[in-house]
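Coordinate inspection notes
So the chains spell out like this:
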Amino acid sequence: MKNTVTTFRQMKENHEKISMLTAYDYSTAKLEDEAGVNSILVGDSLGNVVLGYEDTIAVTVEDMIHHGRAVAKGAKNALVVVDMPFMSYQTSVYDAVVNAGRIMKETHCGAVKLEGGKVVCPQIKAITDASIPVVAHLGLTPQSINAFGGFKVQGKTIEAAQKLLDDAKAVEEAGAFAVVLECVPAKLAKKVSESISIPTIGIGAGNGCDGQVLVYADMLSMFSDFCPKFVRKFANVGETMRQAFKDYDAAVKDGSFPAAEHTYKIDDEVIEKLY
Ligand code: KIV
């Protein structure tokens, strides 16, 4: 069944957990969709995972559209959410609506996600008013990595925890239909989840959230540059790929690949007539 913003709301009301994974290409999205994952996030983490950048700052709207379009083609039932990259919405409400509109029109995704609380509520309201569903993102927001001074757990002091709770209430009020909580203490994420009526999707935020999201390349052990504490490795696909690449390299070099079954035939007569 097609997952929509309504599915998200109903799942929270029915205390059913929402599953979300990132994907950046058609084939991965298709596999996740076939597995029954509720939502696929085309995260700007594609900057790290696909493009090899150190952070997400350099990712562009064009990058998000390029990958978002491929993912949307692979996802029949999952709700596809595409990240708005750094500086595509912070600059003005106008820029936010124009860029969210481009992302929706050019990818056929179901929603956009942007980072920040009260400070981006005018953008969330304007994008929602333009009939584009918005997921908010609070806690460790990677686009603010330079302002945070590194990847750190957020919301640990009374002031920071209260700000996070206030931001969650503000993004709900502004029209967001869900909020990602990243790298937040589990008890705080639970308190936030119980205090708002839209679903919280946790990443490094404990199991008191209404759903969970992971970067697919992390949970498959495909991305090895760094691995946050909150990742569970569900499979060692990275090692399987490395071994297959080694086997291929050896088979090409020893001549055992391609074998007869991988080869197209032609009548000897044709070859003999060539000069
Ligand atoms: O870009 C991304 O993959 C994300 C998730 C980590 C939530 O925003």
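Each remark here, short or long, concerns the structure printed above.
All of the points below concern the structure found in this document. (Residues numbered from 1 in each chain as written. Predicted model: local features only at pLDDT ≥ 70, side-chain atom pairs only at ≥ 80, totals over all residues. Heavy atoms only, no water.)

Turning our eyes to something else, we now look at the overall build of the chain. Within the chain, the secondary structure is distributed over twelve helices and eight strands. Counting every position in the chain, which comprises 275 residues, the buried fraction comes to 47%. Partitioning the intrachain contacts of the chain with sequence separation of at least 6 by distance along the chain shows that 58% fall at a separation of at least 24. Summed over its atoms, the accessible surface of the chain is roughly 14,700 Å², and 57% of this surface lies on carbon and sulfur atoms. Positive and negative side-chain charges of the chain, numbering 28 and 35 respectively, have mean locations separated by a distance of 7 Å. (Helix = DSSP H or I, 4+ residues; strand = E, 2+ residues; numbered from the N terminus. Buried < 20%, exposed > 50% of the residue type's maximum accessible area, 1.4 Å probe, protein only. Contact = heavy atoms within 4.5 Å. Areas by Shrake-Rupley, 256 points an atom, 1.4 Å probe, with all protein chains shown as cover. Lys, Arg positive; Asp, Glu negative; His and termini not counted. Charge placed at Lys NZ, Arg CZ, Asp CG, Glu CD.)

Further remarks concern the side chain of N38. Looking at the secondary structure, you find N38 in the loop between α2 (26-34) and β2 (39-42). Here N3 takes part through its side chain, which lies 3.0 Å from a polar atom of the side chain of N38. Every residue in contact with N38, bar those within four places of it in the chain, is listed here: N3, M11, K17, I18, S19, N77, A78 and L79. (Polar contact = N/O pair within 3.5 Å; in protein donor to acceptor, adjacent residues only side chain to side chain.)

Summarising burial for strand β1 (residues 18-22): four of the five residues are buried, a large majority. One ladder, built from four bridges, connects β1 with strand β8 (residues 211-214); its direction is parallel. Paired with L21 across the bridge in β8 is L214. The sheet contact formed by β1 and β2 spans three bridges and is parallel. By the bridge assignment, M20 is partnered in β2 with S39. Note on the crossover from β1 through α2 to β2: the handedness is right-handed. (Pairing = 2+ DSSP bridges. Right-handed = clockwise from strand over helix to strand, strands pointing away.)

Read once around its circumference, the closed barrel built from eight strands follows the order β1-β2-β3-β4-β5-β6-β7-β8, with strand pairing classed as parallel. With direction set aside, neighbouring strand axes in the sheet form an average angle of 25°. Across four bridges, β2 lies against strand β3 (residues 79-83) in parallel orientation. Each bridged residue has a counterpart across the sheet, and for I40 the counterpart in β3 is V80. (Axes fitted to C-alpha atoms, helices over the stretch in contact; angles between N-to-C directions.)

As a further point, take the packing of aromatic side chains. Ring pairs (aromatic) are described by centroid distance and by the angle formed between their planes. For the structure shown, the criterion picks out five aromatic pairs. Seen from their ring centres, F8 and F177 are 5.5 Å apart, and the 65° between their planes marks the pair as edge-to-face. Separated by 169 residues along the polypeptide, F8 in helix α1 (residues 5-13) and F177 in the loop between α8 (158-174) and β6 (178-182) bring together distant segments of the chain. When sorted by exposure, F8 lands in the same class as F177, which is buried. Aromatic side chains F151 and F226 sit 6.0 Å apart centroid to centroid with 35° between the ring planes, which places their arrangement in the tilted category. Pair noted here: F151 is in the loop between α7 (145-148) and α8 and F226 is in the loop between α10 (216-219) and α11 (237-254), with a separation of 75 residues, a long-range link. (Phe/Tyr/Trp six-rings, centres within 6.5 Å; stacked < 30°, edge-to-face > 60°.)

Taken together, T22, L41, G43, D44, S45, D83, K113, H137, V180, E182, I203 and V215 are the residues near the ligand. At 2.9 Å, a side-chain N or O of K113 approaches an oxygen atom of the ligand. If the ligand stood free it would expose 260 Å²; the protein chains cover 96% of that surface. Here the residues of the shell around the ligand sort into four nonpolar, four polar and four charged. (Near = heavy atom within 4 Å. Nonpolar A, V, L, I, M, F, W, Y, C, P; charged D, E, K, R; others polar.)

The tendency in soluble globular proteins is for nonpolar side chains to be buried side by side. One finds I124, I127 and L181 to be the most contacted residues of the largest nonpolar core, which totals 54 residues. Of the residues forming this core, the biggest block, seven residues, is contributed by α8. Not counting the four nearest positions on each side in its chain, I127 is found in contact with M84, A96, V97, A100, V112, L114, I132 and V134. (Core = buried A, V, L, I, M, F, W, Y, C linked by side-chain atoms within 4.5 Å.)

A word on the pattern of salt bridges. In the structure shown here, the tally under the stated rule is twelve salt bridges. In this structure, the salt-bridge partner of R9 is E13, at a minimum N-O distance of 3.8 Å. You can see R9 and its partner E13 sitting in helix α1, four residues apart, about one turn around the helix. K163 serves as the salt-bridge partner of D167, at 2.8 Å between the closest nitrogen and oxygen. Taken together, the positions of D167 and K163, both in helix α8 and four residues apart, correspond to about one turn of that helix. Here D167 falls in the buried class, since its relative accessible area comes to 7%. Salt bridges sharing common partners tie together E62, R102 and E106. (Salt bridge = Lys/Arg side-chain N within 4 Å of Asp/Glu carboxyl O.)

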